[in-house]
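Inside the fold
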Amino acid sequence: MVGNGAVGPRAQRAAASKLERTRRHRIARQLALDHGGVVTHGMLLGAGLTRGQVQVEVQHGVWVPAGRHTLCISTTEPVGEGLWWWALWESGQRSVLDGPTALLVAGLTGWSERVVHVSVPNNAHVRSLPGVLHHRLRRSGDIVETGLRRTKPHVAAIRAAQWAVSDRQAATVLAMTVQQRLTTPEALLACWESVGYSSRRRVLDEVVRDVCDGAHSLGELDFTGECRRRGIPVPSRQVLRTGPRGRVYLDVFWDELGVHVEIQGAQHFQGTAQIDDALRLNHVGMSRRDLVTLQIPVLGLRTCPDAFMDQVARALGTARRRSG
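Quick caveat, the model's predicted, so the values are computed rather than measured.

Overview of the side chain of Thr-224
You can see Thr-224 is positioned in helix α10 (residues 220-230). You can call Thr-224 buried: its relative accessible area is 7%. Beyond its immediate sequence surroundings of up to four residues, Thr-224 is in contact with Val-234 and Gln-238.

Written as structure tokens, this is what we have:
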């Protein structure tokens, strides 16, 4: 028998086991804290845990496997930043976050992405991962090695534009990257000029110029060319203005008809919603009788010119009928 106050061997072992489990749980939580709630097997082993100890926690359902390398410590599946770490770890040591995902890591706001974009070398053997889009590239380009491994913003923005589902989305991500000062216009332009083939060469040539050199991006010939292409009379007056904050307005007038078009530079661009807002406001504005003023975002003119030029043609047609 064990006397009063004495602790038997079984109780001692239970207490020691509890202390040991508390210790490894603390280690795992600390590691996961810096990685969005997930860790790798290698990180746990490097912190002093044994394979057997890790396996016990997995068997008990305390830690949840998420692939070959990743364990969820504070969640049941990778989420948020943990999803980015998981995508990297499961894609191999030479993988990098790229495109819009790399921009989100760098701090891009006002943007959402349904998949995680990861670039890997051409010769890499990578398993398909749900919610991850792998891009095989000959070279990764400039990389941020600390923290989440990713391409630098000027590289990521150009690739995001090329991988975008539409020209409008491509224009949006380029403009937002420069607006939010994740990179400089000079770095973005230099990166674009180093690109060989691009399926969006024509539109991105114009959009990158608009975003990187707003003060000279849209000249009289650009708008006049669109008018002539659509059979719209050339404006009677055009004035290129540079504002104190670098914003550029190309004021286009058909004086005799009372129709005015204001083209907003890429500095105004906050996303595709601005294009839709401009189209809607223009529709309402065409009901005025004295002066019709249409707003055209320069990136809207680049990516969906027909929608805006249709409005210009309708405004001029309405003005002619009223003056007649």
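What to know about the packing of aromatic side chains
Taken as a whole and judged by the stated rule, the model has 2 aromatic pairs. On the numbers, 5.5 Å between centres and 35° between planes, the contact of Trp-85 with Trp-89 is tilted. Of the two residues, Trp-85 and Trp-89 are both situated in helix α4 (residues 81-91); the distance of 4 residues between them amounts to about one turn of the helix. Judged by its relative accessible area of 10%, Trp-85 falls in the buried class. Classification of Trp-89 as buried rests on a relative accessible area of 17%. In this arrangement the basic side chain of Arg-237 is found over the ring face of Phe-253, its NZ or CZ atom lying 4.2 Å from the centre.

Observations regarding the pairing of strand β5 (residues 116-121)
Burial of β5 is extensive: 6 of the 6 residues sit out of reach of the surface. In β5, alternate side chains face the same way, and those of Val-116, Val-118 and Val-120 on one face and His-117, Ser-119 and Pro-121 on the other are all buried. Pairing of strand β4 (residues 96-97) with β5 involves 2 bridges; the strand directions are antiparallel. Looking at β5, one finds that Val-96 is bridged to Ser-119. Two strands pair when backbone bridges link them, and β5 and strand β6 (residues 132-137) are joined in this way by 6 bridges, in the parallel orientation. Counterpart to Ser-119 in the pairing with β6 is His-135.

Details of the sheet that holds strand β3 (residues 70-72)
Taken in spatial order, the 3 strands of this open sheet run β1-β3-β2, and their pairing is antiparallel. On the outer flanks of this sheet lie β1 (38-40) and β2 (64-65), each paired with one strand and no other. Direction of pairing for β2 relative to β3: antiparallel, over a ladder of 2 bridges. Across the sheet, residue Val-64 finds its bridge partner in β3, namely Cys-72.

Some words on helix α1 (residues 9-33)
Between the first and last C-alpha of α1 there are 36 Å, a value that for 25 residues agrees with the 36 Å anticipated at 1.5 Å per step. Listing the buried residues of α1 in full gives Arg-24, His-25, Ile-27, Ala-28 and Ala-32. In this structure, the buried residues of α1 make contact with β1, α2 (41-46) and α3 (51-59).

Conventions and cut-offs
- Residues numbered from 1 in each chain as written.
- Predicted model: local features only at pLDDT ≥ 70, side-chain atom pairs only at ≥ 80, totals over all residues.
- Heavy atoms only, no water.
- Helix = DSSP H or I, 4+ residues; strand = E, 2+ residues; numbered from the N terminus.
- Buried < 20%, exposed > 50% of the residue type's maximum accessible area, 1.4 Å probe, protein only.
- Contact = heavy atoms within 4.5 Å.
- Phe/Tyr/Trp six-rings, centres within 6.5 Å; stacked < 30°, edge-to-face > 60°.
- Lys NZ or Arg CZ within 6 Å of the ring centre and 35° of its normal.
- Pairing = 2+ DSSP bridges.
- Expected span 1.5 Å × (residues − 1).

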